[in-house]
Amino acid sequence: MSTVIFDSNINDDRRRRDLYAGQIYAYSPTSATTALCQLARDMCEEAFAPHDPEDAQYHLSVEQYIEILKSLKPAFIHHPRCKELIRQILDEKRCDLERVYFDVPRLRTSTSDQYLTSGLAYAFKPHRDTWYSTPQCQLNWWLPVYEVQPENCMVFHTHYWDQPLKNSSDEFNYQDWNCNGRKAAHNQRKKDTRRQSEALESVQLEPELKIVPEPGGLIIFPAAHMHSSVPNTSGKTRISIDFRTVHLDELNTNGGAPNLDSACTGTTIGDYLRGSDFSHIPETMRNAYENLECSSSVPDLVMV
Ligand SMILES: [Fe+2]
């Protein structure tokens, strides 16, 4: 059973060891996480004006809502201030900025009462991120922008940490997804028809673990943990930020969390940027991961 560890000042090496054993870390807001959330709030409030971003779904048609998200989400993802603030967050959390890499942050919107659950506001069913071509060592960092509650937060199904689940990850290739699936997101208004990795047998959702941080609070969890979006019945759109990190020590050995059931191809390794200078992962390592057929095998990697 996983443990949630709050506001620990443990160093990053020990924290990663815990995370790869299935533990979860949660933190109170800091100056950098608060600044990142404030940037998201400012951009959301400008985009949805004159409506409150948490309530805008009740004032806009689905088509109008999608049009706003089509501009807002990429504008946030590529805002130069985001990278600076993530570097500050990593620094606050005692990461070695020379060896930790991150990807650009995503802005997520989970609307209430099934207003929009596909495409740009995809409601994530139970999944491991490792079903989506991530290295087994990927860690996920998640922050709510506005208040969340048990009716609209994310949820962990921690009993699957050591229990495989039949899934369709063998059909998922990240490079194919980038060429086809991601670009088609804004066309998915009702039912999402894009090829996603998903469970192929019934998922036992209970017991559920929900963590409800305050805005700017932070949850760090291994990408291999099974998790999903709570079907939002709160009456408020949940807006959250997430980004991912990997560490060279684990990339060098294809280490990290155990791989129980992921068989996807392709790799997200080209997405990560070094904490110190935002450079990409060295090409030798990118090539080694791109040539991997299955993330459970150990690549012949050049140490970096
Ligand atoms: Fe996820």
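No experiment lies behind these values; they were computed from the predicted model shown.

The protein atoms that coordinate the iron ion are His127 (NE2), Asp129 (OD) and His227 (NE2), at distances of 2.2 Å. Coordination of the iron ion draws on donor residues from a single chain, spaced H-x1-D-x97-H in sequence. Taken as a pair, His127 and Asp129 share a single burial class, namely buried.

A few words now on the confidence of the model for the protein chain. Confidence in the prediction for the protein chain averages 91 pLDDT; 89% of positions are at 70 or higher. Segment residues 294-304 is flagged for pLDDT under 50; beyond a separation of four residues in sequence, or across chains, it makes 32 contacts in the model.

Turning to the pairing of strand β8 (residues 218-222), a few remarks are in order. For β8, the tally of buried residues reaches 5 of 5 residues, placing the bulk of the element in the interior. In this structure, strand β2 (residues 24-27) lies alongside β8, joined through 3 bridges in antiparallel fashion. When the bridges of β8 are listed, Ala26 appears paired with Ile219. Alignment of strand β5 (residues 139-144) against β8, held across 4 bridges, turns out to be antiparallel. Note on β8: the bridge partner recorded for Trp141 is Ile220.

The next subject is the environment of Gln38. With respect to the helices and strands, the residue Gln38 is situated in helix α2 (residues 31-48). Residues Gln38 and Tyr146, spaced 108 residues apart in sequence, show a C-alpha to C-alpha distance of 9.5 Å.

Looking now at unusual backbone geometry. In this model, Ala49 is joined to Pro50 through a cis peptide bond whose omega is 10°. Secondary-structure assignment places Pro50 in the loop between α2 and α3 (62-77). Look at the link from Glu206 to Pro207: it is a cis peptide, with omega at -5°. Structurally, the position occupied by Pro207 is in the loop between α5 (174-181) and β7 (209-210). Of note, the phi angle at Asp7 is positive, near 45°, even though the residue is not glycine. Note on placement: Asp7 falls in the loop between β1 (4-6) and α1 (12-19). Relative accessible area serves as the criterion here: at 46%, Asp7 is assigned to the partly exposed category. Residues other than glycine seldom take positive phi values, yet Phe278 does so here, at roughly 65°. Following the sequence through the fold, Phe278 ends up in the loop between β11 (273-274) and α7 (283-290).

As a further point, take the packing of α2 against helix α4 (residues 80-92). Where α2 contacts α4, the two axes come as close as 8 Å, and the packing angle between them is 155°. Overall, the two elements α2 and α4 adopt an arrangement that is roughly antiparallel. Between α2 and α4 lies a crossing of left-handed hand. Packed against α2, whose contacting residues are Ser31, Ala32, Thr33, Ala35, Leu36 and Leu39, the element α4 presents Arg81, Cys82, Leu85, Ile86, Gln88, Ile89 and Glu92 at the interface.

Bringing the pattern of salt bridges into the picture now. Overall, the coordinates contain 17 salt bridges when judged by the stated rule. The shortest N-O distance in the salt bridge between Asp103 and Arg244 comes to 2.9 Å. With a gap of 141 residues between them, Asp103 in the loop between β3 (100-102) and β4 (106-110) and Arg244 in strand β10 (residues 238-247) connect regions that are remote in the sequence. Taking relative accessible area as the criterion, Asp103 reaches 5% and is therefore assigned buried.

Right, let's talk about the pairing of β2 for a bit. Within a regular beta strand, the side chains point alternately toward one face of the sheet and then the other, so they alternate between its two faces. What you see with β2 is no split at all: Ile24 and Ala26 on one side and Tyr25 and Tyr27 on the other are buried throughout. By the bridge criterion, 3 bridges tie β1 to β2 in an arrangement that is parallel. Bridging from a neighbouring strand, Val4 pairs with Ile24 of β2. Handedness of the crossover is the feature at issue here: the chain leaves β1, passes through α1, returns alongside β2, and the resulting connection is right-handed.

It is worth spelling out a negative patch on the surface at this point. Among the surface-exposed residues, Asp42, Glu45, Glu46 and Asp52 lie close enough to one another that they form a single negatively charged patch. The exposure class of Asp52 is partly exposed, given its relative accessible area of 35%.

Turning our attention to the sheet that holds strand β6 (residues 154-156). Consider a sheet: its strands pair through backbone hydrogen bonds, and that pairing is either parallel or antiparallel. Overall, antiparallel pairing links the 3 strands, which are arranged β7-β6-β9 in an open sheet. Unpaired on one side and paired on the other, β7 and β9 (227-229) mark the two borders of the sheet. Where β6 and β9 come together, 3 bridges link them in antiparallel fashion. Paired with Val155 across the strands is Ser228, a residue of β9.

Reading the values: rules and limits
- Residues numbered from 1 in each chain as written.
- Predicted model: local features only at pLDDT ≥ 70, side-chain atom pairs only at ≥ 80, totals over all residues.
- Heavy atoms only, no water.
- Donors = N, O, S within 2.8 Å, 3.2 Å for Na, K, Ca; no water.
- Buried < 20%, exposed > 50% of the residue type's maximum accessible area, 1.4 Å probe, protein only.
- pLDDT = per-residue confidence, 0-100.
- Contact = heavy atoms within 4.5 Å.
- Helix = DSSP H or I, 4+ residues; strand = E, 2+ residues; numbered from the N terminus.
- Pairing = 2+ DSSP bridges.
- Axes fitted to C-alpha atoms, helices over the stretch in contact; angles between N-to-C directions.
- Parallel < 35°, antiparallel > 145°, perpendicular 65-115°, else oblique.
- Left-handed = near helix turned anticlockwise from the far one by under 90°.
- Salt bridge = Lys/Arg side-chain N within 4 Å of Asp/Glu carboxyl O.
- Right-handed = clockwise from strand over helix to strand, strands pointing away.
- Patch = residues over 30% accessible without salt bridge, like charges linked within 9 Å, V, L, I, M, F, W, Y side chains within 5 Å.
- Areas by Shrake-Rupley, 256 points an atom, 1.4 Å probe, with all protein chains shown as cover.
- Lys, Arg positive; Asp, Glu negative; His and termini not counted.
- Charge placed at Lys NZ, Arg CZ, Asp CG, Glu CD.

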